[in-house]
Amino acid sequence: MADGTTAADIVAQLEALEREAQDKLAEFTSDSDVNEWRTAYLGRSGKVTQLLRGLGGLPKEERPRVGQLANTVKGRLAEALEARQAAIQRDQLAGALQSEALDVTLPGEPVRVGQLHPTSLVLNEILGVFERLGFQVVEGPEVEWDRYNFAMLNIPADHPARDMWDTFYVEAEPTKSFGSMLLRTHTSPVQVRVMEDTPPPVRVVAPGRVYRNEATDASHEAIFYQVEGLAVDERTSMADLKGVLTAFAHDLFGEKTRVRFNCSYFPFVEPGAEVSISCHVCDGGGCRVCKHTGWLEILGCGMVHPSVLEAVNYDPARYSGFAFGMGVERIAMLKYGIDDIRYFYSNDVRFLQQFR
Ligand code: PHE
């Protein structure tokens, strides 16, 4: 042989190469290691191929035997490679199953369920009572004209009664017939809008938001809800007013509740009254909640003033009616024993979730 390499040399080298390749392969744990190994040993310019190049220098009769051996080694390495790849994949899967294990028997994350705001709860209850008494629910705008909020309600521009409602005015040019634009201070303007649009008889309740420009404290908010009521027909009397509001108080606060009507003043009613219920905490005996009077004021009311009827072209000689207005949060406070109105709109779920 030209370079003196014998068949035995090549066989020995093949055996050494196989051992080396098998040893390395056994240590591999990743696909990329394995790929490098494949190129290094079994690739077209890999170590086994290189060894086989030396075959040409062997005597003709020895070549087949050594060539066959080389192919057997190649075959074994290819098998070992496959086995190693399968093992690596098994290990990776086992690892992933362990690290990404999901215990489907664990309890789930609780989903927070929403609920109605206490104002909505009580508002719905109030409207329900009046619906059963034959009242229709109507709504009016929160941005109002002076004409509806004041003028048509018998409260002229210079009337001191306007001081009863501190008003937020909207920066808009006042119009000749509607006056200034403002945020309604009460739901009473809806009375006027309904009567302007509808011939009598009418029997409506009007819920909605109202706005007052005042410092907030435990019993005053700048934004709150009212429910207005209005019933006009022939021969509607103070007795109807008392009957309806007494039924309302009994429905909302219980049959045993006593109802009191006191004279009061609102420019759009005559006579005017405020309604109180016997204190449900002390049953009238006197306590902190009723400020030791035994009574809790719940609303203002009265017989619709003839001037208001005239202003909407209702004939006061033929028609009469009653009206009332109540604060929804106030009713909710009495019902649930809440002592500060500011809780309602401070967005504290600990407060809100107590009412269902
Ligand atoms: N609008 C009055 C207020 O907000 C309440 C009221 C309504 C009084 C209807 C009498 C009749 O104070």
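Use the structure listed above.
Anyway, here's the lowdown on the structure attached to this text. Quantities reported herein were computed from a predicted structural model and do not represent experimental measurements. (Residues numbered from 1 in each chain as written. Predicted model: local features only at pLDDT ≥ 70, side-chain atom pairs only at ≥ 80, totals over all residues. Heavy atoms only, no water.)

1. Observations regarding the site of the ligand
The line we're drawing: In this text, near means that some heavy atom of the residue lies within 4 Å of the molecule or strand in question. Polar contacts, as used here, are pairs of N or O atoms within 3.5 Å; protein pairs need one atom able to donate a hydrogen and one able to accept it. Residues neighboring in sequence count only if both atoms are side-chain atoms. By the criteria applied, helices consist of DSSP H or I runs no shorter than four residues and strands consist of E runs no shorter than two, each listed in order from the N terminus. Each residue receives one of three labels: charged for Asp, Glu, Lys and Arg, nonpolar for Ala, Val, Leu, Ile, Met, Phe, Trp, Tyr, Cys and Pro, and polar for the others, Gly being one of them.
The full set close to the ligand counts 15 residues, and His-186, Ser-188, Arg-212, Gln-226 and Gly-325 are the nearest of them. Separating a nitrogen atom of the ligand from a side-chain N or O atom of His-186 is a distance of 3.0 Å. Elements represented by at least two residues in the shell around the ligand include exactly α7 (188-197), β5 (223-234), β8 (295-304) and β9 (319-327). By residue number, the principal contributor to the shell around the ligand is β9, which donates three residues. For the shell around the ligand, the class distribution of residues is seven nonpolar, six polar and two charged.

2. Some words on the sheet that holds β5
Note the following rule: Two strands are counted as paired when DSSP detects at least two bridges linking them.
Read across the open sheet, the seven strands follow the order β1-β4-β5-β9-β8-β7-β6; overall the sheet is mixed. The open sheet has two edge strands, β1 (136-137) and β6 (259-264), and neither has a second partner. Sheet analysis places strand β4 (residues 202-211) next to β5, joined by ten bridges and oriented antiparallel. Across the sheet, the residue bridging to Gly-208 is Gln-226, located in β5.

3. Observations concerning the pattern of salt bridges
Where we set the bar: A side-chain nitrogen of Lys or Arg and a carboxyl oxygen of Asp or Glu constitute a salt bridge if their distance falls within 4 Å. Categorising residues by exposure relies on relative accessible area from a 1.4 Å probe, with only protein chains included: less than 20% of the type maximum marks a residue as buried, more than 50% marks it as exposed, and the intermediate range marks it as partly exposed.
Scanning all chains against the criterion turns up twelve salt bridges. One salt bridge connects Arg-318 with Glu-234, and the closest N-O pair in it is separated by 2.7 Å. Separated by 84 residues along the polypeptide, Arg-318 in the loop between α9 (306-311) and β9 and Glu-234 in strand β5 bring together distant segments of the chain. Where Arg-342 meets Asp-340, a salt bridge forms, and the shortest distance between an N and an O atom there is 2.8 Å. Look at Arg-342 and you get partly exposed, because its relative accessible area is 34%.

4. Points about the pairing of β6
A regular strand places its side chains so that they alternate between the two faces of the sheet. As judged from the six bridges shared by β6 and strand β7 (residues 269-278), these two strands associate in the antiparallel manner. Looking at the pairing, Cys-263 lines up with Ala-273 of β7. Connecting the antiparallel pair β6 and β7 is a turn made up of four residues.

5. Here we look at the pairing of β5
Buried residues dominate β5, accounting for nine of its twelve residues. As defined by bridge partners, β5 adjoins β9 across nine bridges and the pair is classed as antiparallel. Bridging across to β9, Leu-230 finds its partner in Ala-323.

6. Focus: the packing of helix α5 (residues 118-132) against helix α8 (residues 238-253)
Operational definition: Interaxial angle, 0 to 180 degrees, is taken between N-to-C directions of lines fitted to C-alpha atoms, where a helix line uses only the stretch in contact. Roughly parallel means an angle under 35 degrees; roughly antiparallel means over 145; roughly perpendicular covers 65 to 115; every other angle is labelled oblique. In this scheme the handedness of a crossing depends on how the near helix is turned from the far one: anticlockwise by less than a right angle means left-handed, clockwise means right-handed. A contact between two residues is defined here by any heavy atoms of the two lying within 4.5 Å.
Here α5 crosses α8 at 135 degrees, and the two axes come no closer than 10 Å. The pairing of α5 with α8 is recorded here as oblique in orientation. Pair α5 / α8 crosses with right-handed handedness. When α5 is examined against α8, the residues Glu-125, Ile-126, Val-129, Phe-130 and Arg-132 are found in contact with a partner set consisting of Val-244, Leu-245, Phe-248, Asp-251 and Leu-252. When the residues that make up the contact of α5 with α8 are grouped by side-chain class, the tally is seven nonpolar, no polar and three charged.

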